[in-house]
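So the chains spell out like this:
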Amino acid sequence: MRLFLVGFMGSGKTTTGRKLARHLNYEFYDLDRLIEQQQEQTIPAIFEEVGETAFRRLEQQVLHQLLGHENVVVATGGGTPCFFDNIQKINAAATSIYLQASVHYLHYRLLQAKKPRPLLRNKTSTELLAYIESKLSQRRIFYEQAHLTVDANRLKHARIELLKFFTRPAS
Ligand code: S3P
């Protein structure tokens, strides 16, 4: 089985993915981390050096590598399912799970986040809120193509729901 987590920045894909993988005894991959390891550069540095368009191509390449792995949980980047035919490829090869979160929950989480995110750099709290609102409304149609949706606003609860779902006895 392959489980791919999709959703906006700050929706909790990495933490949820790591926990789910541990529980299922699967390998865990964070797509951003893998790009950074392969490029030997941080995501902000890649954005700065080659720009977003080139980053999206790298992201697509690493996604294709991961789609060939067995028994994995993958946390994708917030933009991964929204470019090229990535969401179709994910859905054809894996079970996709959308961690759905409200604009206000994402705003709260991203204001506290320590991870440097090039798309959010130098935004005031008000600008960040407006950005999340507008980006999420563009990206929702991609996220909503996922096979499963869980409510990330109640993240602990969502994780328990997922663990139960994927460890239920086969009927
Ligand atoms: C991005 C999300 C980031 C990372 C890059 C672009 C996006 O991943 O891939 O900064 O376009 O939403 P996270 O969702 O893990 O922050």
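Attention here is on the structure that accompanies the text. These figures come from a predicted structure and were not determined experimentally.

The next point concerns helix α1 (residues 13–24). Given a rise of 1.5 Å per residue, 12 residues ought to cover 16 Å, and the 16 Å separating the end C-alpha atoms of α1 matches this to within 8%. Along α1, the residues that are buried comprise K13, T16, G17, L20, A21 and L24. Viewed along the axis of α1, the buried residues span an arc of 130°, placing them on a single side of the element. Taken together, the buried residues of α1 touch β1 (2–6), β2 (27–30), β3 (72–75), β4 (95–100) and α7 (155–166). Trailing α1 by a residue or two, N25 shows a phi angle of about 60°, which is positive.

On to the site of the ligand. Around the ligand sit 14 residues in total, of which K13, D32, R56, R117 and R139 are the nearest. At 3.3 Å, a backbone N or O of G79 approaches an oxygen atom of the ligand. At 2.7 Å from an oxygen atom of the ligand is found a side-chain nitrogen or oxygen belonging to R117. Expressed as a share of its isolated accessible area of 380 Å², the protein-covered part of the ligand is 98%.

Before going further, it helps to spend a moment on the side chain of H107. Structurally, H107 can be placed in helix α5 (residues 103–112). Residue H107 is classed as buried on the basis of its relative accessible area of 12%. Discounting residues that sit within four places of it in the chain, H107 has contacts with S125, L128, L129 and I132.

Criteria and cut-off values
Residues numbered from 1 in each chain as written. Predicted model: local features only at pLDDT ≥ 70, side-chain atom pairs only at ≥ 80, totals over all residues. Heavy atoms only, no water. Helix = DSSP H or I, 4+ residues; strand = E, 2+ residues; numbered from the N terminus. Expected span 1.5 Å × (residues − 1). Buried < 20%, exposed > 50% of the residue type's maximum accessible area, 1.4 Å probe, protein only. Arc of directions from axis to C-beta. Contact = heavy atoms within 4.5 Å. Near = heavy atom within 4 Å. Polar contact = N/O pair within 3.5 Å; in protein donor to acceptor, adjacent residues only side chain to side chain. Areas by Shrake-Rupley, 256 points an atom, 1.4 Å probe, with all protein chains shown as cover.

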